[in-house]
Amino acid sequence: MMNLFFMFLLLFLFSCNDDPVSANNSLPSKLYVCDQGSDRVVVLDASTDELTQIGAVSIDFSDMGMGGMSMEIPHFVAVDEANGYWFVTAFQSGYVGMFDLEEDTLISKINLGAGSTPALIAVDSSNETIYVSQMMDMGMMSGGDDNLYSIDYSSGQLVDAGGVNLISSGNILSFPQPHAISLDFNTVRGTSLVTASHSADWMSMTRLDNASITPSAYPFVQGEEFTDDNGNGVYDEGEAFIDADGDSQYDQPQEAVVEIDNGFKPLDVTQKDDFIFFSCLGNSNNNIGGQVQAWSLISFSPVSTIEFGVSSKPWHIVSSPISNEIFVVLSGSEGVNAGLSCLSYDENGQLSTKWTTTDPSFDTLHGLTLSSDGARAYVSSRGNGSIYVFDAISGELLNTVEGVGMMMDMGDMNMGSLSGIAITQ
């Protein structure tokens, strides 16, 4: 009987060692961060808060590097663990690259065409498709217009799947600089792809699980409306109306009018629990502060807003993997400290501030990612090239990892160059 027991024990041990999905073969937790100034994606060990560097992946899709000058500008990185890939956009050269998640080697690259400015990425791992937004205007560089990019990678190579045209229906004449992007599954709208124009007050939702993919656009600011009591189709004296522009008279409801110098300037978006959350930079010229807006995915109407003040500049935004919380980076500027804020929301989408951590040492914060257990938040700085590790529950700063990004000489100032950041789960 004892010999039989040992035989079963040996069989059990050998069967465990032969299992290809054993814990010993699992990938280490890795943090990827784009270093725009050196055309690299830096890879860090995320198993501890020390974030020891594992390696750095050179981004040279276009073979146009000149004497160390950055020509690609890797801006955003996203991970597909289910299929074993990670992706990076290079908005200067117009390329998107796909890498092996285990070896961090280049598998495929694609150029999205003349004038393309690939920016942020939303990953659909089930259908092996990524959706890519476009950059906004920056200095001498113009942002993109009117569509999101769609790229299929089911063949193991990046293949252009055609753009999602944001003006294909309705009365939208132009959808400039669609920078924000979010993809959510099993919502009240099925698979929901959301974006917003950075330079005009429009948002768009595209339902991707329909046979016919048709985007719908909605204004951030509602047009003027009136109660047409006598059914003549015009505003008559005595009928109630909403005077949106303050001219004391009824104008036609808002149509496809693009206001370039708008007030909200949405930069990023995330979705959760049938709500949409936009981070908006605001406009100091119009005294409109930075804010996070919560919208209902059911009614496509705003339900709640948190104000951060002028020059706070809310940047990237992500939703918690474990709770009804939203995290938003505050880039800061003009004497306003940068930081990270955690917002909670209730079943009606009403936002409230759980905590906000700011500090004078934080310099022009940019990218944001969360660990799968919701315990850690990682923020990149494009001001000093550091990565900050936060306790996502309390907001406490746990570590500052300096020297990750290359410092660039910008004449009167030195500036870091870190941007997009992503973690394996």
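Residues numbered from 1 in each chain as written. Predicted model: local features only at pLDDT ≥ 70, side-chain atom pairs only at ≥ 80, totals over all residues. Heavy atoms only, no water.

## Re the overall build of the protein
What counts here: Counting from the N terminus, the helices are DSSP H or I runs at least four residues long and the strands are E runs at least two residues long. Only protein chains enter the area calculation, which uses a 1.4 Å probe; residues under 20% of their type maximum are buried, those over 50% are exposed, and those in between are partly exposed. Computed with the Shrake-Rupley method and a 1.4 Å probe, the accessible areas treat only the protein chains shown as cover for residues.
Within the protein, the secondary structure is distributed over one helix and 31 strands. Taking all 425 residues of the protein together, 51% fall into the buried category. As displayed, the protein has an accessible area near 19,000 Å², and 50% of this comes from carbon and sulfur atoms.

## A word on the nonpolar core
Rules: Only buried Ala, Val, Leu, Ile, Met, Phe, Trp, Tyr and Cys residues count toward a nonpolar core, and they belong to the same one when joined by side-chain atoms within 4.5 Å.
In this structure, Phe87, Val96, Ile130, Tyr131, Ile151, Leu158 and Leu193 are the most contacted members of the largest nonpolar core, which totals 32 residues. At the level of secondary structure, the elements contributing two or more residues to this core comprise strand E4 (74-80), strand E5 (85-90), strand E6 (95-100), strand E8 (118-124), strand E9 (129-134), strand E10 (147-152) and strand E13 (178-187). The greatest single-element share of this core, amounting to four residues, is contributed by E8. Judged by nonpolar contacts, the second largest core, of 20 residues, contains Trp315, Val329, Trp355 and Leu368.

## Details of the pattern of salt bridges
Let me state the cut-off plainly: Between Lys or Arg on one side and Asp or Glu on the other, a salt bridge is scored when a side-chain nitrogen of the former is within 4 Å of a carboxyl oxygen of the latter.
Summed over all chains, the structure comprises five salt bridges. Residue aspartate 49 is joined to arginine 376 by a salt bridge in which the shortest nitrogen-to-oxygen separation is 3.0 Å. Pair noted here: aspartate 49 is in the loop between strand E2 (40-45) and strand E3 (53-58) and arginine 376 is in strand E26 (residues 376-381), with a separation of 327 residues, a long-range link.

## What to know about unusual backbone geometry
In this model, asparagine 186 sits at a positive phi of 55°, which is unusual for a non-glycine residue. Despite not being glycine, aspartate 273 shows a phi value in the positive range, around 55°. With relative accessibility at 46%, the residue aspartate 273 sits in the partly exposed group.

## As for the pairing of strand E27 (residues 387-391)
Rule in force here: At least two DSSP bridges between two strands are required for those strands to pair.
Across the five residues that make up E27, a large majority, five, are buried. Where E26 lies against E27, five bridges are found, and the strand directions are antiparallel. Residue pairing for E27: arginine 376 is matched across the bridge by aspartate 391. Taken together, E26 and the strand that follows it, E27, pair antiparallel across an intervening segment of five residues, in which glycine 385 is found at a positive phi of about 75°. Both E27 and strand E28 (residues 397-401) contribute to a ladder of four bridges, which runs antiparallel.

## Section: the sheet that holds strand E31 (residues 418-423)
For the record, the criterion: Note on geometry: axes are lines fitted to C-alpha atoms, helical ones only across the stretch in contact, with angles between N-to-C directions running from 0 to 180 degrees.
What the four strands build is an open sheet, ordered E3-E2-E1-E31; its pairing is antiparallel. Across the chains shown, the open sheet's two edge strands, defined by having one partner strand only, are E3 and E31. Taking the axes of each pair of neighbouring strands and ignoring which way they run, one obtains an average angle of 20° across the sheet. In this structure, E2 lies alongside E3, joined through five bridges in antiparallel fashion. Bridged to valine 42 within E3 is alanine 56.

## Some details on the side chain of aspartate 391
For the record, the criterion: N or O atoms closer than or at 3.5 Å make up a polar contact, with two conditions inside protein: a donor-capable atom paired with an acceptor-capable one, and, for residues adjacent in sequence, both atoms drawn from side chains. We call two residues in contact when some of their heavy atoms are within 4.5 Å.
Structurally, aspartate 391 is set in strand E27. Side-chain polar atoms of aspartate 391 contact the backbone nitrogen of isoleucine 393, separated by 2.8 Å. Non-local contacts of aspartate 391, meaning those with residues more than four positions away in its chain, are made with Trp355, Ala375, Arg376, Glu396 and Leu398.

## A closer look at the sheet that holds E4
Sheet architecture is open: four strands sit in the order E4-E5-E6-E7, paired in antiparallel fashion. The open sheet is flanked by E4 and strand E7 (106-111), the only strands paired with a single partner. Averaged over all adjacent pairs, the angle separating strand axes in this sheet is 15°, with direction ignored.

## Here's the deal with the packing of aromatic side chains
Rules: Geometry of aromatic contacts follows a simple scheme: Phe, Tyr and Trp rings, the Trp one being its six-membered ring, pair when their centres are within 6.5 Å, and the pair is stacked under 30 degrees between planes, edge-to-face over 60, tilted otherwise. Think of it as a cone above the ring: NZ of Lys or CZ of Arg counts as a charge over the ring if it is within 6 Å of the ring centre and within 35 degrees of the ring normal.
Evaluation of the coordinates by the stated rule reveals 14 aromatic pairs. Ring geometry for phenylalanine 61 versus tyrosine 95: centroids 5.9 Å apart, planes at 40°, classification tilted. Here the residue phenylalanine 61 occupies a position in the loop between E3 and E4, and tyrosine 95 occupies one in strand E6, the gap between them amounting to 34 residues. Side by side, phenylalanine 61 and tyrosine 95 carry an identical accessibility label, which is buried. Members of the aromatic cluster, each reached through a chain of ring pairs, are Tyr32, Phe61, Trp86, Tyr95 and Phe99. Stacked on the ring of tryptophan 315, the Lys or Arg arginine 382 has its end atom at 4.3 Å from the ring centre.

## Some points on the side chain of glutamine 271
Tracing the backbone through its elements, the reader meets glutamine 271 in strand E17 (residues 266-272). Within the structure, glutamine 271 has its side chain in polar contact with the backbone oxygen of serine 182 (distance 3.1 Å). Here the side chain of glutamine 271 touches serine 192 through a polar contact of 2.9 Å, side chain to side chain. Apart from residues no more than four positions distant in its own chain, glutamine 271 is found in contact with Ser182, Leu183, Asp184, Ser192, Val194, Ile276, Leu297 and Ser319.

## Looking at the environment of phenylalanine 278
Assignment of secondary structure puts phenylalanine 278 in strand E18 (residues 275-280). By relative accessible area, which is 0% here, phenylalanine 278 ends up buried. Each C-alpha atom, one on phenylalanine 278 and one on methionine 203, is 9.6 Å from the other, the two residues being 75 residues apart in sequence. Residues in contact with phenylalanine 278, not counting those within four places in the same chain, are Val194, Thr195, Ala196, Met203, Phe220, Asp268, Val269, Gln291, Val292, Gln293, Trp295 and Ile317.

## Focus on the pairing of E8
Burial of E8 is extensive: six of the seven residues sit out of reach of the surface. For E8 and E9, the ladder comprises five bridges, and the chain directions are antiparallel. Directly across from isoleucine 121, in E9, lies its bridge partner valine 132.

## Considering the confidence of the model for the protein
Put simply, the rule is: Each residue carries a pLDDT score, the predictor's own confidence in it, on a scale running from 0 to 100.
Chain-level statistics for the protein give a pLDDT mean of 84 and a share of 78% at 70 or above. Every residue in residues 1-25 is under pLDDT 50, and counting partners more than four places away or in other chains gives three contacts. Taken as a whole, residues 253-260 scores under 50 in pLDDT and shows 22 contacts with residues more than four places along the chain or in a different chain.

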